[in-house]
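# Chain and residue survey
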Amino acid sequence: MAFWKPGTEKPRFVEDEEGGIVFLSSSLPSSSSGYGFTSMEKQRQRLPVYKHRTEILYLVETHATTIVVGETGSGKTTQIPQYLREAGWADGGRVIACTQPRRLAVRSVATRVAEEMGVNLGEEVGYTIRFEDHTASGLTSVKFLTDGVLIREMMDDPLLTKYSVVMVDEAHERSISTDILLGLLKKIQRRRPELRLIISSATIEAKAMFDFFNSSKRRRVQEQEGDKKGPILEPAILSVEGRGFDVKIHYVEEPVSDYVRTAVSTVLLVNEREPGGDILVFLTGQDDIEAAIKLLSEESESSKQRKSSGLLALPLYSGLSRAEQELIFAPTPRGKRKVIFSTNIAETSLTLEGVVYVIDSGFSKQKFYNPISDIENLVVAPISKASSRQRAGRAGRVRPGKCYRLYTEDYFVTQMPGEGIPEMQRSNLVSTVIQLKALGIDNILGFDWPSPPSPETMIRALEVLYSLQVLDDDAKLTSPTGFQVAEIPLDPMISKMILASSELGCSEEIITISAVLSVQSIWVIARGIQKDLDDAKLRFAAAEGDHVTFLNVYRGFLDSGKSSQWCYKNFLNYQSMKKVIEIRDQLRRIAQRLGIPLKSCDRDIQVVRKAVTSGFFANACRLQPHSNGVYTTVRGSEEVYIHPSSVLFRVNPKWVAYHSIVSTDRQYMRNVITIDPSWLTEVAPHFYKNRQHPTVP
């Protein structure tokens with residue numbers, strides 16, 4: 001194979017006015033006759049990124065940081081790690097890392113690359129996500145993983161010494177983990193100048209990333225020391241053209257009042273008037289997706305069009321089982337047209353080859369955290385221009401495509417924001433702060449962020465960790481509690497609950513509860529089954545609340561011999577239950593490593609509730625007298641309600657603690673457990689000592 005190596009003729013280039021790199025030509029053709037090549041090799045050579053292979057390898061060799069701006073469909077995600085391996089960056093036991101913001105993308109990209117390389121997944125090509133490691137030590141040379149997993153690896157290897165190149169893909173999504181990772185990698189490069197970084201994205205503001213990694217101080221030091229041996233510290237920018245086919249954009253003439261119904265109408269219109277090709281519809285979440293599929297089914301049945309019977313409606317969101325997600329990637333049956341209703345999970349990384357038509361609602365669900373009330377709301381909000389371009393880019397992969405935007409062109413041009421708000425600036429940062437503390441970064445407010453969070457959010461996170469006794473008076477990790485909590489890859493409140501269970505003698509039960517809380521949902525979520533699902537929950541329901549109900553479900557699953565049929569009968573997600581078993585086993589191993597004795601309380605539910613309270617005392621709520629299920633939080637006197645999915649819905653116990661709050665028309669508590677108010681001052685006297693002693697109303 002032809003690729004650039006140090007010592008051979010360099011590609012021709014000039015520097016642009018901003019210090020980036022502009023290539024004049026490429027020595028490699030964009031395609032090949034393919035004589036002697038396999039079909040897979042021909043496919044690889046047809047990708048737009050192929051003709052830039054020489055330039056990419058040259059830049060990685062000569063620059064510490066390379067910023068690759070490549071449109072959707074350019075092939076950068078699957079091909080660049082392979083180019084690096086071919087060029088020798090994985091020689092001598094070194095590893096090439098490629099991070100993704102989403103777990104589904106990690107799995108699908110790793111699977112594709114292993115297929116292209118003709119190797120078994122988990123050997124030369126592997127992947128790691130939370131609670132799932134498919135790599136082989138000493139054998140894996142190309143490793144795909146989430147940003148968060150790579151950050152956790154730094155706890156054992158702060159300088160990431162086994163990696164020669166780290167590629168941060170889809171950086172424009174600006175997840176919390178991506179922003180932390182970028183800041184940490186910038187620090188690591190100062191200690192390990194030989195580490196190469198590739199920042200890859202479809203819509204990233206290249207100039208902003210250039211400025212972030214282009215420290216003038218670093219440049220001056222290099223010039224003063226006359227260091228000509230190491231890589232150039234100034235980042236390079238390379239732009240790779242994207243899809244090979246045009247996408248025609250259509251807008252609505254007037255704003256729509258119901259984007260779900262309009263999306264379904266547009267699906268039927270496309271199906272009636274356009275030639276074959278799958279349809280991808282972007283909606284905000286599971287509720288919208290299920291409503292749209294139901295509506296499409298009803299419209300198709302009532303429609304006299306024969307064509308509508310050929311529509312194959314499929315959902316795509318993070319809570320689906322892997323088997324359900326894999327249906328999306330299966331070839332479309334002859335005579336059928338797939339209609340994929342998706343959240344923004346399909347905006348990036350995932351390649352859906354058959355999609356020719358995209359319908360963009362213009363909205364997505366986004367988290368917004370209020371540090372004053374300490375409540376994180378999930379809000380349906382307008383997307384940015386960057387996201388709308390990403391969505392349009394999903395069409396046109398196999399032939400010219402069309403994108404139907406359910407908003408006006410005037411809105412897109414004059415009102416839609418150019419970029420979205422980084423997750424770092426709209427999220428609860430408790431887990432973020434403890435991660436940085438565990439990595440030895442004590443000056444959190446002085447950390448070099450790509451987009452700094454608000455001081456109020458940082459202070460609130462420090463307060464929560466201090467209340468959990470994870471941080472001491474000097475804002476350093478306490479010993480051993482703080483270090484132990486940081487070691488457990490869960491929300492700090494859950495980790496503290498596990499540590500408390502050690503003293504209360506119920507660690508086996510609490511680890512089970514923690515595993516269940518770590519999956520999206522153990523219950524089957526589908527249209528038209530709510531009554532049956534409620535009846536199934538009653539078979540396991542415990543008066544003490546959802547956490548104890550989870551224990552009943554887990555015991556039933558074990559008693560059934562981990563039967564999929566048993567899960568089906570009880571409206572339980574079999575894949576989720578299998579995942580609970582896997583996570584539980586990993587948490588037990590972590591507990592043993594931390595010296596936490598594994599004990600069962602033998603159905604003494606009071607100690608289980610007390611352990612939960614030890615982690616979630618700050619989430620205590622009191623029922624308001626003579627109210628219709630209205631609770632107020634002890635911490636901020638916020639008005640909240642028990643979520644309808646809870647077994648305590650309509651029961652209304654006087655005192656409860658919750659795991660999380662979801663905000664729709666009301667603030668709903670999810671995963672709720674009954675507590676004794678006297679426990680609050682017992683497990684957290686430091687938190688409640690200056691407050692009036694809570695008493696039962």
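Residues numbered from 1 in each chain as written. Predicted model: local features only at pLDDT ≥ 70, side-chain atom pairs only at ≥ 80, totals over all residues. Heavy atoms only, no water.

## Brief notes about the environment of Ser660
Basically, it comes down to this: Labels follow the DSSP assignment, with helices taken as runs of H or I lasting at least four residues and strands as runs of E lasting at least two, numbered in each case from the N terminus. Here the term buried applies to any residue with accessible area under 20% of the maximum for its type, exposed to any over 50%, and partly exposed to those in between, with areas from a 1.4 Å probe on protein chains only. Contacts: residue pairs with any heavy atoms within 4.5 Å of one another.
Mapped onto the elements, Ser660 comes out in strand S22 (residues 655-663). For Ser660, a relative accessible area of 26% gives the class partly exposed. With 12 residues separating them along the chain, Ser660 and Val672 place their C-alpha atoms 8.7 Å apart. With residues near it in sequence (within four places) discarded, Ser660 still touches Tyr668, Met669 and Arg670.

## Examining the pattern of salt bridges
To keep things clear, this is the line we draw: A pair is scored as a salt bridge if a Lys or Arg side-chain nitrogen falls within 4 Å of a carboxyl oxygen belonging to Asp or Glu.
This structure, assessed with the given rule, holds 23 salt bridges. Across the salt bridge formed by Glu132 and Lys579, the nearest N and O atoms sit 2.8 Å from each other. Taken together, the positions of Glu132 in strand S6 (residues 132-134) and Lys579 in helix H22 (residues 574-593) put the pair 447 residues apart, joining distant regions of the chain. Lys143 is the salt-bridge partner of Glu153, the closest N and O atoms lying 2.7 Å from each other. Here Lys143 lies in strand S7 (residues 142-146) and Glu153 lies in helix H5 (residues 147-156), a separation of 10 residues in the sequence. Overall, Lys143 belongs to the buried group, its relative accessible area being 6%. Linked by salt bridges that have partners in common, Glu41, Arg44, Arg53, Glu86, Arg112 and Glu116 make up one network.

## Remarks on the sheet that holds strand S11 (residues 247-251)
We apply this condition: If DSSP finds at least two bridges between two strands, the strands pair. Angles run from 0 to 180 degrees between N-to-C directions of axes, and those axes are lines fitted to C-alpha atoms, restricted for helices to the stretch in contact.
Taken together, the six strands give an open sheet; going across it, the order is S11-S18-S15-S12-S14-S13, and neighbouring strands pair in parallel fashion. The two strands at the open ends of the sheet, each matched to only one other strand, are S11 and strand S13 (311-316). Here the average twist between neighbouring strands, direction ignored, is 20°.

## Things to note about the confidence of the model for the protein chain
In low-pLDDT segments, the atomic positions of the prediction should not be examined closely. The condition is simple: What pLDDT expresses is the predictor's confidence in each residue, scored from 0 to 100.
Counting all residues, the mean pLDDT for the protein chain is 85, and 87% of those residues have values of 70 or more. Here residues 1-37 scores under 50 on pLDDT; set against residues more than four positions off or in separate chains, the count is 76 contacts.

## Some thoughts on the nonpolar core
Rules: For the purposes of this section, nonpolar cores are sets of buried Ala, Val, Leu, Ile, Met, Phe, Trp, Tyr and Cys residues that join through side-chain atoms within 4.5 Å.
Val166, Leu185, Ile510, Ile522, Leu587 and Phe617 are the most contacted members of the largest nonpolar core, which totals 112 residues. Setting aside its immediate chain neighbours within four residues, Phe617 contacts Ser467, Leu468, Leu680, Val683, Ala684, His686, Phe687 and Tyr688. The next biggest cluster of nonpolar side chains, apart from the first, holds 34 residues, and it includes Val68, Val113, Val142 and Val165.

## What about unusual backbone geometry?
With omega at 0°, the peptide bond leading from Ser479 into Pro480 counts as cis. Even without being glycine, His626 reaches a positive phi, approximately 55°. Tracing the sequence through the fold places His626 in the loop between strand S19 (620-623) and strand S20 (631-633).

## What about the pairing of strand S16 (residues 363-370)?
One ladder, built from eight bridges, connects S16 with strand S17 (residues 375-382); its direction is antiparallel. Along S17, the bridge assignment pairs Phe363 with Pro382. The antiparallel hairpin formed by S16 and S17 contains four residues in its connecting segment, where Asp374 sits at a positive phi of about 60°.

## Here we look at the packing of helix H18 (residues 507-517) against H22
What counts is decided by this rule: If an angle is under 35 degrees, it is roughly parallel; if it is over 145, roughly antiparallel; if it lies from 65 to 115, roughly perpendicular; otherwise it is oblique. Handedness of a crossing is defined here by the sense of rotation of the near helix relative to the far one, left-handed for an anticlockwise turn of less than a right angle and right-handed for a clockwise turn. Under this grouping Gly is polar, as are all residues other than the nonpolar Ala, Val, Leu, Ile, Met, Phe, Trp, Tyr, Cys and Pro and the charged Asp, Glu, Lys and Arg.
One way to put it is that H18 packs onto H22 with a least axis distance of 9 Å and a crossing angle of 130°. The angle between H18 and H22 falls in the class oblique. Like other packed secondary-structure pairs, H18 and H22 cross with a definite hand, here right-handed. Within the contact between the two elements, H18 uses Glu508, Ile511, Thr512, Ser514, Ala515 and Val516 and H22 uses Val580, Ile583, Arg584, Leu587, Arg588 and Ala591. The residue makeup of the contact of H18 with H22, split by class, is seven nonpolar, two polar and three charged.

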